[in-house]
Amino acid sequence: MKTTPLRRLRDAIRRRLAPPPSPADTVYEERAHLLALLAAHHHAVITDAQDMPPGWLLLHLTLAGRPLTWHIHPRDQALFAAVERVPASDPRAQWDGHTTTEKYACIRRHLEAVRP
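This write-up is about the structure you can find in this document.

Reading guide: rules and limits
Position labels on residues start from 1 in each chain and follow its written sequence. Per-residue local features of the predicted model are confined to residues with pLDDT of at least 70, and side-chain atom pairs are confined, for both listing and counting, to 80 or more; whole-chain, interface and lining totals are unaffected and use all residues. For side-chain calculations, the full set of non-hydrogen atoms in the structure is used, while hydrogens and water are omitted. Definitions used throughout: a 1 Å grid over protein atoms alone; a cavity as a set of points that fits a 1.4 Å probe which cannot get out; a pocket as an open set with protein on both sides within 12 Å along at least five of seven lines; a lining residue as one with an atom within 4 Å of a point. Grid points are joined across faces, edges and corners, and a volume is the space filled by probe spheres set on the points. Put simply, DSSP H or I for four residues or longer makes a helix, DSSP E for two residues or longer makes a strand, and each gets a number counted from the N terminus. Note on residue classes: Ala, Val, Leu, Ile, Met, Phe, Trp, Tyr, Cys and Pro are nonpolar, Asp, Glu, Lys and Arg are charged, and everything else, Gly too, is polar. Burial here depends on accessible area, computed with a 1.4 Å probe over protein chains only, as a share of the maximum for the residue type. Under 20% is buried, over 50% is exposed, and the range in between is partly exposed. Residues grouped as a nonpolar core are buried Ala, Val, Leu, Ile, Met, Phe, Trp, Tyr and Cys residues, joined through side-chain atoms within 4.5 Å. Contact criterion: two residues are considered in contact whenever any of their non-hydrogen atoms come within 4.5 Å of each other. Pairs of strands are assigned from DSSP output, requiring at least two bridges between the strands. Under this scheme, a helix contributes an axis fitted over its contacting stretch, all axes are lines through C-alpha atoms, and angles between N-to-C directions fall in the 0 to 180 degree range.

Here's the deal with the layout of surface pockets
To find the voids left in a structure, one rolls a probe of water-molecule size over its atoms.
Part 1 of the argument: Of the pockets and cavities examined, the largest pocket occupies roughly 320 Å³.
Part 2 of the argument: Considering the residues around the largest pocket, the lining is formed by 19 residues, among which Asp-51, Leu-58, Thr-69, His-71 and Trp-95 are closest to the centre.
Part 3 of the argument: Of all the elements in the fold, those that place two or more residues in the lining of the largest pocket are β1 (44-48), β2 (57-63), β3 (66-72) and α3 (100-114).
Part 4 of the argument: Of the residues forming the lining of the largest pocket, the biggest block, three residues, is contributed by β3.
Part 5 of the argument: Across the lining of the largest pocket, the residue classes break down as six nonpolar, nine polar and four charged.

Focus: the environment of Ala-12
Part 1 of the argument: One can find Ala-12 in helix α1 (residues 5-17).
Part 2 of the argument: Residue class for Ala-12 comes out partly exposed when judged on its relative accessible area of 28%.
Part 3 of the argument: The sequence separation of Ala-12 and Asp-51 amounts to 39 residues, and the corresponding C-alpha distance is 37 Å.

Details of the nonpolar core
Most often, soluble globular proteins have nonpolar side chains that are buried together.
Part 1 of the argument: Formed by 16 residues in total, the largest nonpolar core has its most connected members in Ile-46, Leu-59, Ile-72, Phe-80 and Val-83.
Part 2 of the argument: If near-sequence neighbours (up to four positions away) are discounted, Ile-46 is found in contact with Leu-57, Leu-58, Leu-59, Ile-72, Phe-80, Val-83, Glu-84, Arg-85 and Val-86.

Things to note about the sheet that holds strand β4 (residues 84-85)
Part 1 of the argument: The four strands lie next to each other as β3-β2-β1-β4, forming an open sheet whose pairing is mixed. Sheet topology places β3 and β4 at the edges, where each strand pairs with a single neighbour.
Part 2 of the argument: When β1 meets β2, the two strands line up antiparallel, connected through five bridges. Across the sheet, Ile-46 pairs through a bridge with Leu-59, a residue of β2.
Part 3 of the argument: Most of the contacts of α3 go to β3, to which it runs at about 120°, and overall it touches β2 and β3.

As structure tokens, then:
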């Protein structure tokens, strides 16, 4: 589609009138980038999040043999294009019942184990 001066002006006005991203949006976007980086370096799969509205994903990342999960906002899906997408029934995409506290304790233990 050809961009006309009128279309460029309209798009510029929309950008100026759009509300700025909230601090929470910025933090979640940064988190998504870091999770995508981790997923590229660890065993990970992604599936549709069954407990969220359509479009949300659930990242299943294995760290030190333990499955860890994070919800991924629809706007951040493109960051995870290289992660294998599997159905929710896939054995690699099963939640083991961990809590958020347990998830981050697992990460801290892993960091302590790799610390020189």
